[in-house]
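Working through the structure, step by step
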Amino acid sequence: MSADWAPSFAAVPRAAFLPDLMWPWDMEAGRSVAVSRVDEPERWRGYAEADCPVVTQWDDGEHVGTEPGRVATSSASMPSVVFRMLRDLDVRSGHRVLEIGTATGRNAALLAHRAAGRGRVVTMEVDAAVAGRARTALAAFGSAAEAVHGDGFRGRPEGAPYDRVIGTCGLRRFPWAWVEQCRPGGILVAPWGTHFSNADAVVRLVVAGDGRSASGRFTGPVEFMKLRAQRLPLVVHGEYVRGSVAEGWETSTDVTEAEFLGGAFGPQRFVMGLRVPDCLQVEAEKRAGARPVWFYGLRDRSWACVQFRDGGAARVWQYGVRRLWDEVEAAYRWWAGKGRPGYERFGLTVAEEGERVWLDEPGEMCGLPRASGDLGGDRSR
């Protein structure tokens with residue numbers, strides 16, 4: 001952590017904003033575990049101070065009991081990730097800041113401590129119950145941040161222009177409203193990605209002097225809960241594959257599992273999503289040396305499956321109007337041909353008419369441009 005942010009992190013402990021019952025990610029167990037401050041105060045505090053994500057809500061608040069729910073829908077991010085994003089945001093004393101995605105309220109409290117002044121930070125939360133709990137926590141802590149309930153996709157025009165805008169939820173289109181509400185020369189930071197996977201990358205945009213666009217580079221991988229207005233509806237395997245893979249057209253590939261999938265935070269999934277629009281990748285468990293990886297078309301019922309196998313060529317099956325594996329393999333070979341660039345070589349430019357991703361320089365396109373109005377609105381997360 002840099003010395004300039006250290007006073008804020010010391011003054012705003014994460015424990016002050018976490019609920020009595022929470023579900024931190026246990027790194028050794030590889031899963032979320034329930035921890036109660038009432039029953040296990042020392043264990044609770046240990047997780048509160050650890051560099052791990054903590055789920056604070058499951059299933060949009062419909063979850064009951066102590067066991068983890070089906071889908072995590074609100075959380076406190078890893079402190080190291082919080083710091084990285086706040087460092088990218090470059091908030092200074094006196095800045096006016098809009099945050100989208102209040103969650104526990106701790107991030108807003110950090111911003112308010114840094115901005116140093118009442119009325120400097122407003123944070124928006126789409127879930128009324130989550131917003132209410134954060135408002136209570138901020139008031140109890142004595143923070144100057146203002147928490148409001150609303151659809152963050154539209155921003156908060158009544159407070160504009162802001163010096164800084166930060167999203168703490170994964171985006172699948174960058175909302176133009178956020179750019180409009182940030183002053184020329186202002187900075188926007190948010191996780192961004194595609195529906196190809198849950199993977200996001202933090203992007204840092206600077207608003208142009210004429211206010212008609214914002215552009216900047218990606219700074220590193222993350223994975224966030226998605227903006228509720230941009231969640232991907234559930235993809236049901238049985239609606240694509242009615243029988244077996246034998247229904248598909250069979251080929252093979254010499255691309256290996258290790259090359260294609262990479263590490264947990266490798267850039268492969270991110271890049272594939274840029275080059276292969278409207279496609280979801282799902283990796284199945286590896287059994288007996290074989291791992292199937294599925295691809296589902298999001299605008300039709302095309303599908304593909306590549307079965308990687310230790311020590312042998314991978315078999316491929318494809319079905320539908322799109323040959324999804326052919327598209328994906330072409331995208332992989334494009335990435336390999338460019339020298340396997342990491343996140344930091346990619347950038348994003350957002351304008352009112354849409355957005356485009358580029359490699360190295362804004363003029364070098366590396367994916368299809370996308371209209372700004374394709375996704376957004378007030379939908380449940």
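Per chain, residue numbering runs from 1 following the sequence as it is written. For this predicted model, a pLDDT threshold of at least 70 governs which residues receive local features, and a threshold of 80 or more governs which side-chain atom pairs are given and counted, while totals over whole chains, interfaces and linings are taken from all residues. Just so you know, side-chain values use all the structure's heavy atoms and leave hydrogens and water out.

1. A closer look at unusual backbone geometry
The residue after Ala160, namely Pro161, is reached through a cis peptide bond having omega 0°. Numbering of helices and strands runs from the N terminus, with a helix taken as a DSSP run of H or I at least four residues long and a strand as a DSSP run of E at least two residues long. Relative to the assigned elements, Pro161 resides in the loop between β8 (146–149) and β9 (162–167). The backbone phi angle of Asp60 is positive, close to 55°, even though this residue is not glycine. Mapping Asp60 onto the fold places it in the loop between β4 (54–58) and β5 (72–76).

2. So, the side chain of Asp200
On the secondary structure map, Asp200 appears in strand β11 (residues 200–207). We call two residues contacting when some pair of their heavy atoms lies within 4.5 Å. Excluding its chain neighbours within four sequence positions, the residues that come into contact with Asp200 are Gly170, Arg172, Pro191, Trp192, Gly193, Pro221, Val222, Glu223, Phe224 and Lys226.

3. Comments concerning the environment of Ala48
Structurally, Ala48 is set in helix α2 (residues 41–48). For the pair Ala48 and Pro79, spaced 31 residues apart in sequence, the C-alpha separation works out to 9.9 Å. Sequence-distant contacts of Ala48, defined by excluding residues within four places in its chain, comprise Arg14, Ala15, Leu18 and Met22.

4. Thoughts on the confidence of the model for the chain
Values of pLDDT, the confidence the predictor places in each residue, fall between 0 and 100. Per-residue confidence for the chain gives a mean pLDDT of 93; residues scoring 70 or more make up 96%. Here residues 373–381 is a poorly scored stretch, pLDDT under 50, and it has 29 contacts once near neighbours within four places are set aside; other chains count.

5. Focus: the pattern of salt bridges
Basic side-chain nitrogens of Lys or Arg form a salt bridge, by our definition, when they fall within 4 Å of a carboxyl oxygen of Asp or Glu. In this structure the tally under the stated criterion is 27 salt bridges. When the shortest N-O distance is used, the salt bridge between Arg45 and Glu49 registers 3.8 Å. Partly exposed residues are those whose accessible area sits between 20% and 50% of the maximum for their type, while under 20% is buried and over 50% is exposed, using a 1.4 Å probe and protein chains only. Judged by relative accessible area, which is 39%, Arg45 ranks as partly exposed. Under the relative-accessibility criterion, Glu49 is labelled exposed at 59%. In this structure, the salt-bridge partner of Asp127 is Arg228, at a minimum N-O distance of 3.0 Å. Residue Asp127 is found in the loop between β7 (121–125) and α5 (128–141), and its partner Arg228 is found in the loop between β12 (213–222) and β13 (249–253); the two are separated by 101 residues along the sequence. Since its relative accessible area comes to 8%, Arg228 is described here as buried. One connected set of salt bridges, linked through shared partners, spans Asp60, Asp127, Arg228 and Arg231.

6. As for α2
Taken as a whole, α2 has its buried residues at Trp44, Tyr47 and Ala48. All buried residues of α2 lie within an arc of 105° about the axis, which places them on one face of the element. Buried residues along α2 sit in contact with β1 (21–26) and β3 (35–36). Read the arc as the range of directions from the helix axis to the C-beta atoms.

7. Some points on helix α4 (residues 106–115)
Most of α4 sits inside the fold, with nine of its ten residues counted as buried. Structurally, α4 contributes buried residues whose contacts are with α1 (6–11), α3 (79–89), β6 (97–100), β7, α5 and β9. Ala116 sits one or two positions beyond α4 and adopts a positive phi of about 60°.

8. Concerning the packing of aromatic side chains
In summary, the pairing rule links any two rings of Phe, Tyr or Trp, Trp by its six-membered ring, whose centres are within 6.5 Å, and it sorts them by plane angle into stacked for under 30 degrees, edge-to-face for over 60 and tilted for everything else. Taken as a whole and judged by the stated rule, the model has 21 aromatic pairs. Ring plane angle 85° and centroid distance 6.1 Å describe the contact between Trp23 and Trp58, whose orientation is recorded as edge-to-face. Of this pair, Trp23 sits in strand β1 while Trp58 is found in strand β4, placing the two residues 35 residues apart along the sequence. Three or more aromatic residues joined by ring pairs form one cluster here, namely Phe196, Phe260, Phe295, Phe308, Trp325, Tyr332 and Trp335. Think of it as a cone above the ring: NZ of Lys or CZ of Arg counts as a charge over the ring if it is within 6 Å of the ring centre and within 35 degrees of the ring normal. Against the face of Trp334 rests Arg275, its NZ or CZ located 4.2 Å from the ring centre.

9. A short note on the pairing of strand β17 (residues 312–319)
Whether two strands pair depends on DSSP finding at least two bridges between them. For β13 and β17, the ladder comprises five bridges, and the chain directions are antiparallel. Its bridge partner being in β17, Glu250 is matched across the sheet by Trp317. Two elements, strand β16 (residues 303–309) and β17, share six bridges in a ladder whose sense is antiparallel. Bridging across to β17, Val306 finds its partner in Val316. Linking two consecutive strands that pair antiparallel, namely β16 and β17, is a turn of two residues; a positive phi of about 75° is found at Gly311 within it.

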